[in-house]
Amino acid sequence: MRGSVPADTLAINGGPQAMPTTEGVGPGKIGVEEFMELADTWGFSEETKAAIAAAIAREPDTSPMLSRYYNPRPSKVKMLEELACQLFDVPYALAVNSGTSALNTAYVAAGLGPGCEVIVPAYTFFATVAEVVTARAIPVIADIDESLTLDPKDVERKITPRTKAIVPVHMIGTCADMDPIMALARKHNLIVIEDTAQACGGSYKGKRLGTIGDLGCFSISSYKITGGGEAGLVLTHDHHLYIRAQNNHDTGACWRPDRYAVEQEEGELFAGYNYKLSELEGSVNLPQLRKMPDQVKRWQKVKRQIVRQLNHFEGVTPQQVRDPDGEVGYNLIYFAPDGPTAEATAEALNAEGIGAHTRGGKTARDWHIFAYWQHIMERKSATPDGCPWTCEKNAGLGQDYSPDMCPRALDLLGRAVFIGVNQWWTENDCDRVAAGINKVLGAFFPSTGAVGW
Ligand SMILES: Cc1ncc(COP(=O)(O)O)c(C=O)c1O
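Please read these numbers as outputs of a predicted model, since none were measured by experiment.

Describing the layout of surface pockets
One way to see where empty space is left: roll a probe the size of a water molecule over the atoms.
So, step 1. Considering only enclosed or pocket space, the second largest pocket measures out at about 630 Å³ in volume.
So, step 2. If you trace the second largest pocket, you find 31 residues lining it, with Phe125, Gln198, Tyr223, Lys224 and His368 closest to the centre.
So, step 3. Secondary-structure elements contributing two or more residues to the lining of the second largest pocket are helix H4 (99-109), helix H5 (127-134) and strand S8 (215-219).
So, step 4. In terms of residue class, the lining of the second largest pocket is made up of 15 nonpolar, twelve polar and four charged.
So, step 5. The two domains that each donate at least three residues to the lining of the second largest pocket are domain 2 (76-287) and domain 3 (292-366 + 409-451).

Structural notes on the nonpolar core
So, step 1. Membership of the largest hydrophobic core comes to 108 residues, with the highest contact counts inside it found for Ile141, Leu148, Phe370 and Ile437.
So, step 2. Broken down by element, this core gets its largest block of residues, eight residues, from helix H9 (residues 279-307).
So, step 3. Grouped together as the second largest cluster of nonpolar side chains are 20 residues, Ile119, Met178, Val192 and Ile212 included.

Side note on a nonpolar patch on the surface
So, step 1. Together, Leu38, Trp42 and Phe44 line one region of the surface with nonpolar side chains, adding up to about 300 Å² of accessible area.
So, step 2. Along the chain, Trp42 turns up in the loop between helix H1 (32-39) and helix H2 (46-58).

Observations concerning the domain arrangement of the protein
So, step 1. Each assigned domain of the protein is listed here: domain 1 (26-64), domain 2 (76-287) and domain 3 (292-366 + 409-451).
So, step 2. Each of domain 2 and domain 3 has a C-alpha centre, and these two points are 29 Å apart.
So, step 3. With 27 residues of domain 2 in contact, the opposing surface of domain 3 contributes 24 residues.
So, step 4. Carbon and sulfur atoms supply 61% of the area buried between domain 2 and domain 3, which totals about 2,100 Å² over both sides.
So, step 5. Per-residue buried area on domain 2 facing domain 3 is highest for Glu146, Ile172 and Ile225; these three make up 29% of the total on that side.
So, step 6. Here domain 2 and domain 3 share two salt bridges between them.
So, step 7. Across the salt bridge formed by Arg322 and Asp145, the nearest N and O atoms sit 2.6 Å from each other.
So, step 8. For the interface between domain 2 and domain 3, the tally reads eleven residue pairs in polar contact (both at pLDDT 80 or more).
So, step 9. Secondary structure elements with two or more residues in the side of domain 2 that touches domain 3: helix H3 (76-88) and strand S6 (203-204).
So, step 10. In the side of domain 2 that touches domain 3, the residues fall into twelve nonpolar, ten polar and five charged.

Details of the site of the ligand
So, step 1. As a structural note, the neighbourhood of the ligand is formed by 14 residues, with Gly99, Thr100, Asp195, Ser219 and Lys224 the closest of them.
So, step 2. For the ligand, an oxygen atom lies 2.8 Å from a polar atom in the backbone of Gly99.
So, step 3. At 2.9 Å, a side-chain N or O of Gln198 approaches an oxygen atom of the ligand.
So, step 4. Alone, the ligand offers 390 Å² of accessible surface; in the complex the protein occludes 89% of this.
So, step 5. Assessed atom by atom at 2 Å from the grid points, the ligand resides in the second largest pocket.
So, step 6. Among the elements that make up the shell around the ligand, the one with the highest residue count is H4 (three residues).
So, step 7. Among the residues forming the shell around the ligand, the class breakdown is five nonpolar, seven polar and two charged.

Rules used in this analysis
- Residues numbered from 1 in each chain as written.
- Predicted model: local features only at pLDDT ≥ 70, side-chain atom pairs only at ≥ 80, totals over all residues.
- Heavy atoms only, no water.
- 1 Å grid on protein atoms, 1.4 Å probe; cavity = no way out; pocket = protein on both sides within 12 Å on 5 of 7 lines; lining within 4 Å.
- Points joined across faces, edges and corners; volume = space filled by probe spheres on them.
- Helix = DSSP H or I, 4+ residues; strand = E, 2+ residues; numbered from the N terminus.
- Nonpolar A, V, L, I, M, F, W, Y, C, P; charged D, E, K, R; others polar.
- Domains from an automatic or database assignment.
- Core = buried A, V, L, I, M, F, W, Y, C linked by side-chain atoms within 4.5 Å.
- Buried < 20%, exposed > 50% of the residue type's maximum accessible area, 1.4 Å probe, protein only.
- Patch = residues over 30% accessible without salt bridge, like charges linked within 9 Å, V, L, I, M, F, W, Y side chains within 5 Å.
- Areas by Shrake-Rupley, 256 points an atom, 1.4 Å probe, with all protein chains shown as cover.
- Salt bridge = Lys/Arg side-chain N within 4 Å of Asp/Glu carboxyl O.
- Contact = heavy atoms within 4.5 Å.
- Buried area = accessible area lost by both parts, 1.4 Å probe.
- Polar contact = N/O pair within 3.5 Å; in protein donor to acceptor, adjacent residues only side chain to side chain.
- Near = heavy atom within 4 Å.
- Sits in = over half its atoms within 2 Å of the grid points.

Encoded structure:
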């Protein structure tokens, strides 16, 4: 009987423990004040906020465990990955902490590095290009067409014996022209990495964007179609690419599949980064991604209802949408004959209560347009040796970068008008928006008589 065991008996022999508990307990890791300031911005009721504040105040210093590993409950990050596999019908999805780290992870997984040229579009958020440079490869910028995505003809012109990958970017909810891009890639044995940060849930000829090439990258940050904070996803059908991606995002893959496992496939193990997604972000983004299919359906329905009522006007060119049934449809874009007219029509639309803006021709720098990528134009480096531009293996690679090297992008973006589409617009709202666009464009241009963009 334990009660009769002498106090000096070793615990290992059934004696009382010297240190059964600790008396000292520190405060919780979540500061009530700091957390509540954040929660205040999320629109919770006063009652909910009081309940949250009370719960946090009670927490001991053991909380919170925000890593996906060692958690007592099913990991929200893992659930997010499983949901992504289901929604996109792919065997492998890796959650990472941003769209930028998704791109870096995909590029590294694909083996891009010194000696490789990577073709990127002249119009994309700078991260698509920046991560080519951080992978120490050389970006080659190709022009866009009236879809505002990669022009496959210019891609073909830019392919050299050193090209290793093409990165089509599905901009503003609409798809790049994947058939000719994939045909070029197969012909020249190139890897295709789709940047789907701006078109999550869109499709191209029935295929989900981000699953057509070898790897698909997504941003699921607050500014995107889905997402609540900062997060990203990498999708692939290929097991080897997946474990290399896993390796890159977890400091050389501590968990791959078990903690500190030795290399199981050649090329699997190398020094990586830490791009893991936290459980807090996982718990925010899981319900966001669940909502995504319905969000996309709403946008598609709203945009269709508007565009079928739009008149054609001489001098106004609607954006080329390669798959109207597959685009997400959160923007409606047209090209005016010139920049000043584009701006004047945007101003008139705003006056009607229809939010519209232009991109090019502004004094503000826009890091979606190649001409403003000073880091690339001037071959900036993080180190004084000029790497990767000056690396021996990169000698002779790339282009003579200049702010006028992609004239089509400059022309199109200089006269494009973007109208934001609200997924919650009712049928009546859609009718009024369509009538408003017809009213404004009708005041500037003669109608051709044709209806339906
Ligand atoms: C096309 C594109 N690629 C990549 C990114 C980078 O994503 P994140 O901001 O999540 O790093 C963005 C974000 O704006 C984007 O628009």
